[in-house]
Amino acid sequence: MPYLPYEFLPTEYHYSWEIPLWVKEYNGSRRFLWIPQDDLMCPETQQFHQILAQPQIFDNITIFNEDSSAFARNKYDDISLKRILNILWNDPGSVSGHSKIRLFSDEWAWVYENMSLGYEIRVDRLLNVTHAILSSNTSANAAIFNAVDGDPSFWKFLMRLFMDRNEYDLYMKYIKMLLTPIYKAIGWIGNESDWNTSVLRSTLFPYAVLFNIDNSTSQAVNLFNQLVSNCTGRTSNYVNCNPLSPDIRKAVYCGAILNGTGSVYTQMKTYVQDAWKNNRYFSREEESLEYGLTCTQDPDNIKDLVYFFINNGHAHALENFEFNNKASDVLYNILLNDSQAIINASALRPFLYGMTGLWYSNTRLTQMKNLNTTLSKLDLNNDTQNILNEYVNKVSNASQKGELFYPKVTRWVYDTLVPIGQTPWKLRLPTDQVADSYTLHIFPYIPSSYTSPPGKEFTFDGTNKIVLNITNATSTLSLNTHRHIINSLTVQDVNNNTLPIAMFARDYENAIMEIKLQNPLAVGAQVTVTIDYIGFIFSQPTAGVMVNYDYLEINGQRSWIFATHFERGPSARSLAPCLDEPSYKAKWKITLYHPSDLVALGNMLEESIMVFPGLIRTVFKQTPPMSSYLLALSIGDYASLKAVTKVDKVLVRVWTWNGMQNYVEKALQSAVDTLDYMSTYLNQPCPLGKLDLVALPQFIGRAEGAMENWGLILGDYNEFLWHPDYSDTDTLNRVMEVISHETTHQWFGDLISPAWWQYLFLNEGFASYLYIDVISNYYPQQQAYADSRWFYNSESAMTEEESFGGLLPTIPEPSLVGSGQEGMFSISIYSKAAAILKMLKDTVGNVTFQTALRQYFKENQYTAVTDETLWGYVSQAAANAGIPNWNYDGFLNVSSFMRPYTYQSLYPLIKVVTSPDGYFYKYQQYPFLSNLTVNQTNFYNQLWPIPIFTRTPNANDNSYNWLISQNSVSMQNTDPWKVTNPERTSFARVCSFKTFANSCQNSVYGTGKCNPVAPDFRATQMCYGLQQNKNSYNVLENLINVVQSSLETTYFPQDYNAMLNGLSCVPDESILEKYIRYSLQGYYPTQLLDYVAQNDVLPNGSRLYNFMVNNLIDVVKSTNFERFVQNMVVGWSTDAQLSQVFPILT
Ligand SMILES: [Zn+2]
């Protein structure tokens, strides 16, 4: 196709060419082919074309127009471009320089053309190509760099975009990455006869010194000193004593000015005056010196230079200020205060050229217009006025381009060079300030009925007014800000006086901004920081500020949704500059602009609404003090079911995309029930007076559930929608659980928040616990289900630790938060915390626990707390109830009780040890695992204070005895039976193997009545028990002999299977081999072979294989051969294992 769109071309031509094309194939070979003209008027060419046009020939081609052989540009689609980028990164040498230049030039031409035509541009592709070809280009390939700095120069375009912006330092990461490898590959001196090297030095080095690449400016200073010392004693014609190659002088002069002392500046002025006088016919030297001088960053020198150039008749040199970002404002002030001097010297044009070289923003356009207005009031002649008008136009065009491109390029730089987010953000803010309130305006641009201005799509405009109270005297304000373009920033005191800012700096890796004020602030001072900025919206559902894209509505329409998720990843700091740590609670007043046909939701209800054409401005009521991670906003074509709670009369709405609202009925019921239950249980009304829940068609990922944002729960529709014809009871359970869990957070997490992320269990432990009480309370017929959820909590926590070999503790050390197997949201903070909290409740009793929680909320609402805050309230309530501590040294110390469970991982195993005569027993505790594979903290020597609950025929209450050391005292066995840790009240496993072994060893009735452990746990009991007590295998053998003949085994094989499973765990290999043989011979059932395979701890699952190698005849002759082989290969999946099978069989 022709390069330009047809609409721009004359119609009388037929735009088609026969194109001879060299292509490079994926395997590296080159091939020639024709792309035929599509003009098929003559039959001969038609036939020729049919031969040529064989589409399959394209299959393996990666680079078209290899070496730029055909006179044509290439436009790859995204997939083929990605393939080329892969080759450029992984095997850059396989792509010729010509092909790289063609690739870059064609992408740049495409962007440049579309920019001129006002079309959508794909700057991301251009940046990816530039990144790949320059970063991998470590040789002196002048041609490649010159393509980037060609005409039009992409390099200068990039500089104009960012050099006058607040994200200058972010871009420097990119610039350094691109230039450092090439810079290092060349060197300043040597190889001067190589044109390639020399040309690259002259084009690249001025940029290298300007951006302070590697050692470039110190090298420049050294070289300049060589010049000075070589010319010592001379008073004119310095060019004759200059030892430097002319190719590097521009860069040396600029670098020396940037990094050298004041004398460099004075010396260079002498040199340039000499050059003006004596080098008439070789002006390169004076150009280089003029250029070098204008690199100065010193405002006094800049001012001095302006008059120096003008007074010496070299005003044209002012154009060199074009890329000096410090000069703009100095020049601007000169023009404002001494305009006649510039105008009278006819220096206005080069002056404005230098001043506006980097003016590519709306802020600068306003400045330029104001300047024009001010100067126009003077008595200007027509020429002068025309020049001014010309520059207003120039800056107007430039700012249009800048505003269009800058967000796109900045987004790419953020995406490529800065972490998308951290969970959690590790570097904390200094504690010199607290936030009082935020006034936030957000205008998001997503695909909708409202047409976004050019370049705005998937960005948002934001303004945030942040009121800070100073708690330690400081002159530095620190805020979190992430993935923002800061347009402007001001700081004011309480009297609205603007406080001068010395500088502001950003740490992009940690998303922290420091504003350094010229004067310190005293304790108690209040300041308001106002920031005008642009943020980015992810074009897909993910943590941060995001959308649901192009989802299908029930009426066949396709729509987009705007939503947020801040408990992970980019976090609230990507929505607004703020103190983004949970302990900095502050009030938020949010204004949201959105398309008129969409519903806008926030943490609070609306306070006012203003309607514009196609647009609504919704102002939400101010929130109470809250943690930033609980902020939420959403805009969508939503519909809802609504209800009002019984207790507090709170409005509850469950929203979903239009057409699906009928299926949120169960979710609505669960939310209402939970709100009623919680406000009654805690004697604390629903905090915000409303609760919205939104079932999103796309959440941040499958199985991510929902997020408990305060007053606005957002989540995956699978957790919200229940359809009577399509959904099963499991789905219903899931809906009830998730909705109730998130609603519980409105108190636990939202009203009281964790002071830092290590205390997240205060949110998740209670939410994973209290929803079960809600189910028990409102659905008493489902009590069995509720009970099973309790068991699920403790069992899932234990098995997870077992399978990972230990997890991070429930309260990890701050440096470890987020670093464990499951990141910040490990099962330790959900299920384990819930099980521990329930143990605490059962130990102190329901009433005491509830009393403690009520007081805890009464006194800590709207604050952030630690574990000790909560334990303090439970201790107090326990003391009031007269509950003694385990050693009777006072009342129960809940902190001492809880800390071993929360600060160390794993959990205790309780052993019940019975004396041989059966009259006495005692308890022992051990950590369930001892070989820890993860970074474990072990503050409490792996001992836990365990309330041991027991159940006997005579006592069925919740009485308990404490086991606080390794061994308890011996106690007399007075009961016919005793169950230790019934319903697993304590967070511990009970190892009852010995008890079982003792009491069942002489049983003649099987194991049913003599085993104290419930059938569900016996497989584990026996396997683990035999591993620990390997000599007890004969007890199991005896029992198996007894029960083999029993009728019970036939009808209730579970216990029998548990014993067979136990035998397969015997650690002694020769004994295990005996059992395998028994089972091959039919003496033991063949299930034993299944268990041997399941419990095989050898590498590669080779237990049965080894047996077969050593006992081949026994195995192949057995009637159970097939079962044996099936089990032998359980879990085998490698070629090596496959090849093991055949040799032994042949
Ligand atoms: Zn939760």
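The residue numbering used here restarts from 1 in each chain and proceeds along that chain's sequence as written. Owing to the predicted nature of the model, reporting of local features is limited to residues with pLDDT of at least 70; listing and counting of side-chain atom pairs is limited to 80 or more, with chain, interface and lining totals taken over all residues. Side-chain numbers here rest on the full set of heavy atoms in the structure, without hydrogens or water.

## What about the UniProt feature "site: Transition state stabilizer" (unreviewed entry) in the protein chain?
In step 1: In this numbering, the UniProt entry assigns the feature "site: Transition state stabilizer" (unreviewed entry) to Tyr830.
In step 2: Residue position: tyrosine 830 is located in helix α23 (residues 828-844).
In step 3: Once residues lying within four places of it in the same chain are set aside, the contact partners of tyrosine 830 are His741, Glu764, Gly765, Ser768 and Phe825. UniProt positions are given in the numbering used here, feature names are shortened, and annotations may be inferred rather than shown by experiment. A run of DSSP states H or I qualifies as a helix once it reaches four residues; a run of E qualifies as a strand once it reaches two. Both are numbered from the N-terminal end. Contacts are residue-level and defined by heavy atoms, with any inter-residue pair within 4.5 Å sufficient.

## Description of a nonpolar patch on the surface
In step 1: Taken together, the side chains of Tyr3, Leu4 and Phe8 present a nonpolar region at the surface, about 260 Å² in accessible area.
In step 2: Residue position: tyrosine 3 is located in the segment before β1 (19-25).
In step 3: The class of tyrosine 3 is partly exposed, set by a relative accessible area of 41%. Like-charged residues are merged into a patch within 9 Å and nonpolar side chains (Val, Leu, Ile, Met, Phe, Trp, Tyr) within 5 Å, provided each residue has over 30% relative accessible area and no salt bridge. Note on areas: Shrake-Rupley with a 1.4 Å probe; residue coverage comes only from the protein chains shown. In what follows, salt bridge is the name for a side-chain nitrogen of Lys or Arg lying within 4 Å of a carboxyl oxygen of Asp or Glu. Three exposure classes are used, based on accessible area relative to the maximum for each residue type with a 1.4 Å probe and protein chains only: buried under 20%, partly exposed in between, and exposed over 50%.

## Some thoughts on the coordination of the zinc ion
In step 1: Only His741 (NE2), His745 (NE2) and Glu764 (OE) from the protein coordinate the zinc ion, and they sit 2.0 to 2.1 Å from it.
In step 2: Each donor residue of the zinc ion belongs to the same chain, and together they define the spacing H-x3-H-x18-E. This pair shows no difference in class: histidine 741 is buried, exactly as histidine 745 is. Distances decide who is a donor: an N, O or S atom must be within 2.8 Å of the metal, or within 3.2 Å for Na, K and Ca. Water is not included, so sites may look incomplete.

## Topic: the sheet that holds strand β17 (residues 633-636)
In step 1: Strand order in the open sheet made by the four strands is β11-β12-β17-β14, with antiparallel pairing throughout. The open sheet is flanked by β11 (544-552) and β14 (599-602), the only strands paired with a single partner. Pairs of neighbouring strands in the sheet enclose a mean axial angle of 15°, with direction left out of account. Strands qualify as paired when DSSP identifies two bridges or more between them. Note on geometry: axes are C-alpha line fits, over the in-contact stretch for helices, and angles between N-to-C directions span 0 to 180 degrees.

## Concerning the packing of helix α10 (residues 246-259) against helix α12 (residues 284-293)
In step 1: Following both chains from N to C, one finds α10 and α12 inclined at 25°, their axes separated by 7 Å at the closest point. Considered as vectors, α10 and α12 are oriented roughly parallel to each other. The two elements α10 and α12 cross, and the hand of that crossing is right-handed. Listed contacts from α12 to Arg249, Lys250, Tyr253, Cys254 and Ile257 of α10 are Glu285, Ser288, Leu289, Tyr291, Gly292 and Leu293.
In step 2: Grouping the constituent residues of the contact of α10 with α12 by class yields six nonpolar, two polar and three charged. Each angle gets one of four labels, with under 35 degrees taken as roughly parallel, over 145 as roughly antiparallel, 65 to 115 as roughly perpendicular, and the rest as oblique. Helix crossings fall into two classes, left-handed where the near helix is turned counterclockwise from the far one by less than a right angle and right-handed where it is turned clockwise. Residues were grouped as follows: Ala, Val, Leu, Ile, Met, Phe, Trp, Tyr, Cys and Pro as nonpolar; Asp, Glu, Lys and Arg as charged; and all remaining residues, including Gly, as polar.

## Notes on the nonpolar core
When a protein is soluble and globular, its nonpolar side chains tend to lie buried together.
In step 1: What we call a nonpolar core is a set of buried Ala, Val, Leu, Ile, Met, Phe, Trp, Tyr and Cys residues that are connected through their side-chain atoms within 4.5 Å. In terms of nonpolar packing, the biggest core is built from 166 residues, with Leu477, Val529, Leu575, Phe748 and Tyr856 touching the most fellow members.
In step 2: Contacts of valine 529, omitting those with residues within four sequence positions, involve Asn464, Lys465, Ile466, Leu468, Leu477, Leu479, Leu489, Thr490, Val491 and Ile515.
In step 3: Ranked by size, the runner-up nonpolar core spans 128 residues in total, among them Ala208, Leu352, Leu371 and Ile485.

## With respect to the packing of aromatic side chains
In step 1: Ring geometry is summarised as follows: Phe, Tyr and Trp rings, the Trp one being its six-membered ring, pair when their centres sit within 6.5 Å, and such pairs are stacked at plane angles under 30 degrees, edge-to-face over 60 and tilted between the two. Using the criterion set out here, one finds 64 aromatic pairs in the structure.
In step 2: Centroid distance tryptophan 108 to tyrosine 112: 5.3 Å. Interplanar angle 65°. Geometry classified as edge-to-face. Note that tryptophan 108 and tyrosine 112 are positioned in helix α3 (residues 97-117) at a spacing of four residues, about one turn of the helix.
In step 3: With relative accessibility at 36%, the residue tyrosine 112 sits in the partly exposed group.
In step 4: A centroid spacing of 6.5 Å and a plane angle of 25° characterise the contact between phenylalanine 766 and phenylalanine 849, whose relative ring orientation is stacked. Residue phenylalanine 766 is found in helix α21 (residues 761-778), and its partner phenylalanine 849 is found in helix α24 (residues 846-860); the two are separated by 83 residues along the sequence. Each member of the pair, phenylalanine 766 together with phenylalanine 849, is buried.
In step 5: Here the aromatic cluster, defined as three or more aromatic residues joined through ring pairs, consists of Phe748, Phe766, Tyr769, Trp790, Phe849, Tyr856, Phe857 and Tyr873.
In step 6: Positioned above the aromatic ring of tryptophan 722 is the side chain of lysine 666, whose terminal nitrogen or guanidinium carbon lies 5.2 Å from the ring centre.
In step 7: Its end group placed over the ring of tryptophan 790, lysine 838 keeps NZ or CZ at 5.0 Å from the ring centre. Only lysine NZ and arginine CZ atoms are considered, and such an atom sits over a ring when it is within 6 Å of the ring centre and within 35 degrees of the ring normal.

## A closer look at the state of the cysteines
In step 1: Disulfide: a pair of cysteine sulfur atoms within 2.5 Å of each other. According to the stated counting rule, one finds three disulfides in the structure shown.
In step 2: The partner cysteine of cysteine 231 in its disulfide is cysteine 241, sulfur to sulfur 1.9 Å. Between cysteine 231 and cysteine 241, the disulfide has an S-S torsion of 110° and is therefore right-handed. Taken together, the residues cysteine 231 in the loop between α9 (216-230) and α10 and cysteine 241 in the loop between α9 and α10 connect sequence positions ten residues apart.
In step 3: Residue pairing for cysteine 1023: its cysteine sulfur links by disulfide to cysteine 1065, the two sulfurs lying 2.0 Å apart. Disulfide cysteine 1023-cysteine 1065: the torsion about the S-S bond is -100°, which places it as left-handed.

## Quick word on the side chain of glutamine 904
In step 1: Structurally, the position occupied by glutamine 904 is in the loop between α26 (894-903) and β25 (908-914).
In step 2: Side-chain atoms alone can form a polar contact between residues adjacent in sequence; in general such a contact is a pair of N or O atoms within 3.5 Å, and within protein one must be able to donate a hydrogen while the other accepts it. One polar contact links the side chain of glutamine 904 to the main-chain carbonyl oxygen of proline 900, over a distance of 3.3 Å.
In step 3: Among the polar contacts made by the side chain of glutamine 904, one reaches the main-chain carbonyl oxygen of leucine 943 at a distance of 3.1 Å.

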